[in-house]
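Secondary and tertiary structure notes
Okay, here's what each chain looks like letter by letter:
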Amino acid sequence: MSAARDEADRVDRILLSWREAMDRGGLAGCVLNGAKEVALEAFMAGRIGFLDMAAVVEKVLAELTGARHTDVEFSLDNVRHVDHLAREAAGALPGSYRL
């Protein structure tokens, strides 16, 4: 596989994460945003590459979406709680993702 195709596949993964969050509904968008913020911070600090941000978001979405975390009542407390969980999960990923 060429480097250009590999990069295009990773960009597609980023877009797919956003679509998945919209399709899942509930507070999945909150999970995505919290994970993205941590991934962006890691990228800006030089700990991960730009395209590695997609992997962070994908892993956190997979871990936290579902009845326990995202299919809950919309309230400020729940948004804060889910955002906190997403940021914690993203920051706890092994290796270079750790903040």
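Structure report, in brief. Small disclaimer: the values here were computed from a predicted structure and weren't measured. Residue positions are given per chain, counting from 1 as you read along its sequence in written order. For this predicted model, a pLDDT threshold of at least 70 governs which residues receive local features, and a threshold of 80 or more governs which side-chain atom pairs are given and counted, while totals over whole chains, interfaces and linings are taken from all residues. Derived side-chain values reflect all non-hydrogen atoms in the structure, with water molecules and hydrogen atoms excluded from consideration.

**Quick look at the nonpolar core**
We call a set of buried Ala, Val, Leu, Ile, Met, Phe, Trp, Tyr and Cys residues a nonpolar core when their side-chain atoms join them within 4.5 Å. Only protein chains enter the accessibility calculation, which uses a 1.4 Å probe. A residue is then buried if its area is under 20% of the maximum for its type, exposed if over 50%, and partly exposed in between. Val 31, Ile 48, Val 56, Val 60, Leu 61, Leu 64 and Ala 90 are the most contacted members of the largest nonpolar core, which totals 23 residues. By the criteria applied, helices consist of DSSP H or I runs no shorter than four residues and strands consist of E runs no shorter than two, each listed in order from the N terminus. Among the secondary structure elements, those contributing two or more residues to this core are α2 (28–44), α3 (53–64) and α4 (76–91). At eight residues, α2 tops the list of elements feeding residues into this core.

**Things to note about the pattern of salt bridges**
Salt bridge, as used here: a side-chain nitrogen of Lys or Arg that lies within 4 Å of a carboxyl oxygen of Asp or Glu. According to the stated counting rule, one finds two salt bridges in the structure shown. For Asp 83, the salt bridge identified is with Arg 87, shortest N-O distance 2.7 Å. One end of the pair is Asp 83 and the other is Arg 87, both in helix α4 and four residues apart, which spans about a single turn. Taking relative accessible area as the criterion, Arg 87 reaches 32% and is therefore assigned partly exposed.

**What about the packing of α3 against α4?**
Axes here refer to lines fitted to C-alpha atoms; in helices the fit is confined to the stretch in contact. Angles between the N-to-C directions go from 0 to 180 degrees. Viewed as axis vectors pointing N to C, α3 and α4 meet at an angle of 125 degrees, and their least axial separation amounts to 9 Å. Taken together, the axis directions place α3 and α4 in an arrangement best described as oblique. For the element pair α3 and α4, the recorded crossing hand is right-handed. Facing Val 56, Val 60, Glu 63 and Leu 64 of α3, the residues of α4 in contact are Leu 85, Ala 86, Ala 89 and Ala 90. Think of it as three bins: nonpolar holds Ala, Val, Leu, Ile, Met, Phe, Trp, Tyr, Cys and Pro, charged holds Asp, Glu, Lys and Arg, and polar takes everything else, Gly as well. Each residue belonging to the contact of α3 with α4 can be placed in one class, and the counts come to seven nonpolar, no polar and one charged. With respect to orientation, any angle under 35 degrees is reported as roughly parallel, any angle over 145 as roughly antiparallel, any angle of 65 to 115 as roughly perpendicular, and every other angle as oblique. When the near helix sits turned anticlockwise from the far one by under a right angle, the crossing is termed left-handed; a clockwise turn instead gives a right-handed crossing. Contacts were defined at the residue level, with two residues in contact if any of their heavy atoms lie within 4.5 Å.

**Some thoughts on the environment of Leu 93**
Mapped onto the elements of the fold, Leu 93 is located in the segment after α4. For Leu 93, a relative accessible area of 11% corresponds to the buried category.

**Some details on the environment of Asn 33**
Summarising the element assignment, Asn 33 is placed in helix α2. Separated by 24 residues in sequence, Asn 33 and Val 57 place their C-alpha atoms 8.4 Å apart.

**A look at the packing of aromatic side chains**
By convention, a stacked pair of Phe, Tyr or Trp rings (six-membered ring in the case of Trp) has centres within 6.5 Å and planes under 30 degrees apart, an edge-to-face pair has planes over 60 apart, and any other such pair is tilted. Within this structure, the stated rule accounts for one aromatic pair. Ring centres of Phe 43 and Phe 50 lie 5.7 Å apart, and the angle between their planes is 70 degrees; on these two criteria the pair is classed as edge-to-face. Given the relative accessible area of 29%, Phe 43 is considered partly exposed. The exposure class of Phe 50 is partly exposed, given its relative accessible area of 45%.

**Considering α3**
To estimate how far a helix should extend, the number of its residues minus one is multiplied by 1.5 Å. Helix length check: α3 (12 residues) gives 17 Å between terminal C-alpha atoms against 16 Å at 1.5 Å per residue, within 8%. Just beyond α3, the residue with positive phi is Gly 66, at close to 135 degrees.

**Looking at α2**
Residues three or four positions apart in an α-helix share a direction because the helix packs 3.6 residues into each turn. The first and last C-alpha atoms of α2 sit 24 Å apart over 17 residues, in line with the 24 Å expected at 1.5 Å per residue. Within the span of α2, buried status applies to Ala 28, Cys 30, Val 31, Leu 32, Gly 34, Ala 35, Val 38, Ala 39 and Ala 42. Positioned one or two residues after α2, Gly 46 has a phi angle of 80 degrees, which is positive.

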